[in-house]
Structures are given as structure tokens and as C-alpha cells.
Amino acid sequence: MDIMSTISPGSGVVDNCEKMVSRDCEVHGPYTARKLYWKHLNRWYETGCPICEGLETERERAEWEKQDLERRVRNRERKFNERGIPRRFRETKLEDYVADTAEKRKVLAIITDYLEKQEEVGEVGRSLLLYGNVGTGKTRLATSVVKGWKGVGYYITAREYTRLIRSTYSNGSAVTEQDIVDRFTDYSVLVIDEIGKQFSTDSEKYAIFDIINARYNEMQPTILVSNMSIIDIEDFLGKPTLDRIKENGGQAILFDWESFRQRREDDDKRA
């Protein structure tokens with residue numbers, strides 16, 4: 001242990017005084033200690049047994065690693081109580097989706113099959129891309145998958161995800177960028193909505209690429225949702241990323257019918 005002993009003022013000891021002394025550790029035996037005089041404190045400082053100090057350093061490092069691991073676990077456990085589904089879609093059900101055309105019934109069948117075969121989907125990391133017109137039910141079907149998933153699924157918009165990543169850049173942030181990546185890689189299914197051209201910086205695009213690729217490497221199914229055309233999506237994501245979405249039975253599903261919302265508004269006007 002470190003030894004601090006007070007000396008009386010005017011004892012003649014000068015600043016930066018240093019000497020080596022022999023000491024004996026009750027546990028590890030003889031060692032040489034270094035004694036230093038701290039003038040501003042009017043005290044001697046003496047180093048302790050190097051083996052004891054090394055063990056204490058290891059103990060402190062182990063404690064820090066334990067706390068860091070506990071923090072990461074808490075971050076990950078939080079996902080078991082959260083799925084990120086917007087309030088508008090929390091109570092909607094897959095069977096309530098209005099499939100009144102052959103195209104809609106085909107899409108509904110694909111989503112239903114995807115959900116029913118989730119064990120197989122999870123094993124191969126099969127992903128989906130839902131794209132096309134606004135108001136056609138893409139988000140509703142995607143969130144239905146999250147709600148029906150036996151594992152822990154999550155829904156988030158691309159903008160919200162990049163905002164989480166940016167928040168870790170603050171000096172006062174207790175969460176690291178890797179914490180965010182780990183959290184969203186671990187979800188057994190992840191929906192990323194609003195994939196689009198609204199991103200203003202390359203770093204925002206790279207954040208989306210990174211999580212898609214991280215999940216691809218871990219063979220975790222991802223559902224991307226976008227209002228863009230397939231050409232614009234390929235331009236935004238890049239052909240390699242789009243090809244990864246289509247691997248192992250993954251599909252790009254076009255929603256090209258009229259908006260449910262617009263039709264409802266038109267019906268209200270005619271009523």
C-alpha cells in the first residue's frame with residue numbers, strides 16, 4: 001500500500017527530493033520503494049509493493065470491464081421492452097389489411113408466409129424490400145411482422161437511426177456508436193423505414209449501409225421500406241447492398257396501387 005507521512009515545515013527537505021528505500025511486503029516479500037517529497041503538500045509519497053499495485057490495477061480494470069459489460073447488457077436488455085412501433089400501427093393486424101386486388105393479395109401472401117416461416121427466415125437471414133407509392137400499406141405490413149415475430153423485432157426510421165448514431169458523437173454521451181450498432185444488429189428482425197434520398201451527408205448514408213451490412217454478416221433478416229423507385233433505391237443503397245437484400249430468397253416487393261389514404265379522402269369527399 002502507498003504510505004504518506006507528514007514532515008514538519010522547515011525540516012530542510014527540498015522540492016523534488018527522491019530516494020529509494022527497502023521495504024518488505026507482508027504478502028510478496030522484499031521490494032524497493034521509491035520515496036518522493038511533494039513540497040506543495042508538505043508530504044512524502046512512497047510507492048507500494050509493485051506486485052500489489054499491479055494486482056490492484058488489474059482489479060480496477062476488471063471492475064471497469066464489468067461495469068462496461070453491464071452497461072452494454074442494460075442497453076441490449078432495453079430492447080426486450082421496446083419495439084419502436086409508432087402508435088398509429090400498434091393495434092393494427094395483418095389480417096385487417098385490405099387486399100381487394102390480385103396484386104395486394106399476392107403481397108399479403110408473401111408477408112404472411114414470411115412471418116409464418118420466421119424460423120427458416122431467421123436461419124438464412126432472408127430480407128425484404130418493400131417499395132413504391134406512399135399510403136399503400138408498406139409500413140403497416142412491415143410493423144405487423146415485428147409484432148408477430150417470436151423473437152425480438154424492432155421498427156425504426158432511417159432518420160431516427162442516423163440521429164441515434166449522431167448522438168453518440170457528443171463528449172458527454174454514455175453510449176458509444178458501437179453500442180447502437182450492436183443493439184440494432186442483435187434484433188432478430190429489424191424494419192428500417194423511410195429509406196430515401198433525404199439524407200444530406202455521406203455519413204448518414206454510411207450509417208445505414210453499416211447496419212444493413214452488419215446484419216447481413218450476422219445473417220439477421222432486415223426489412224427495408226421506401227417510397228422511392230427501384231432505380232433510385234439502387235442508386236442510394238448501391239447494387240451490392242440491394243443484391244444482399246435479395247439473397248437467400250429475399251425479395252423486392254413493389255406496391256404500385258393507389259394510396260389507401262388518398263382513396264379514403266376521396267371517398268369522404270364523395271360522401
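Analysis parameters
Residues numbered from 1 in each chain as written. Predicted model: local features only at pLDDT ≥ 70, side-chain atom pairs only at ≥ 80, totals over all residues. Heavy atoms only, no water. Axes fitted to C-alpha atoms, helices over the stretch in contact; angles between N-to-C directions. Helix = DSSP H or I, 4+ residues; strand = E, 2+ residues; numbered from the N terminus. Parallel < 35°, antiparallel > 145°, perpendicular 65-115°, else oblique. Contact = heavy atoms within 4.5 Å. Nonpolar A, V, L, I, M, F, W, Y, C, P; charged D, E, K, R; others polar. Buried < 20%, exposed > 50% of the residue type's maximum accessible area, 1.4 Å probe, protein only. Arc of directions from axis to C-beta. Salt bridge = Lys/Arg side-chain N within 4 Å of Asp/Glu carboxyl O. Expected span 1.5 Å × (residues − 1). Pairing = 2+ DSSP bridges.

The N-to-C vectors of helix α5 (residues 158-167) and helix α7 (residues 202-217) enclose an angle of 100°; their axes lie 9 Å apart at closest approach. The pairing of α5 with α7 is recorded here as roughly perpendicular in orientation. Each of Ala158, Arg159, Tyr161, Thr162, Ile165 and Arg166 in α5 lies in contact with α7, whose residues at this interface are Glu204, Ala207, Ile208 and Ile211. The class makeup of the residues in the contact of α5 with α7 is 6 nonpolar, 1 polar and 3 charged.

Attention now goes to α5. Of the positions making up α5, those classed as buried are Ala158, Tyr161, Thr162 and Ile165. Down the axis of α5, the buried side of the element spans an arc of 95°, and every buried residue falls inside it. Of the surrounding secondary structure, the elements contacted by the buried residues of α5 are β6 (153-157), α6 (177-186), β7 (189-193) and α7.

So, about the pattern of salt bridges. A complete count under the given rule lists 10 salt bridges for this structure. Across the salt bridge formed by Asp113 and Lys117, the nearest N and O atoms sit 3.3 Å from each other. What makes Asp113 partly exposed here is its relative accessible area of 33%. Here Lys117 falls in the partly exposed class, since its relative accessible area comes to 39%. Linking Glu204 and Arg159 is a salt bridge whose minimum nitrogen-to-oxygen distance equals 2.8 Å. Residue Glu204 is found in helix α7, and its partner Arg159 is found in helix α5; the two are separated by 45 residues along the sequence. The exposure class of Glu204 is buried, given its relative accessible area of 6%. Here the salt bridges share partners, and the residues they tie into one network are Arg159, Arg166 and Glu204.

Another aspect to go through is helix α2 (residues 102-116). Over its 15 residues, α2 extends 21 Å from the first C-alpha to the last, a length consistent with the 21 Å expected when each residue adds 1.5 Å. Those residues of α2 not exposed but buried are Lys104, Val107, Leu108, Ile110, Ile111, Tyr114 and Leu115. On an axial view of α2, the arc spanned by its buried residues comes to 155°, and they lie on one face. With respect to the buried face of α2, the exposed residues turned more than 90 degrees away are Lys106 and Glu116.

Pairing is parallel in the open sheet, where 5 strands are placed in the order β6-β7-β8-β5-β9. Single-partner strands in this sheet number two, and they are β6 and β9 (251-255). Each strand of the sheet is rotated relative to its neighbour by a mean of 15°, with strand direction disregarded. Bridging between β7 and strand β8 (residues 222-226) involves 3 bridges; their strand directions are parallel. Bridging from a neighbouring strand, Val191 pairs with Ile223 of β8. Contacts from α5 reach β6 and β7 within the one sheet, and its direction differs from that of β6 by about 90°.

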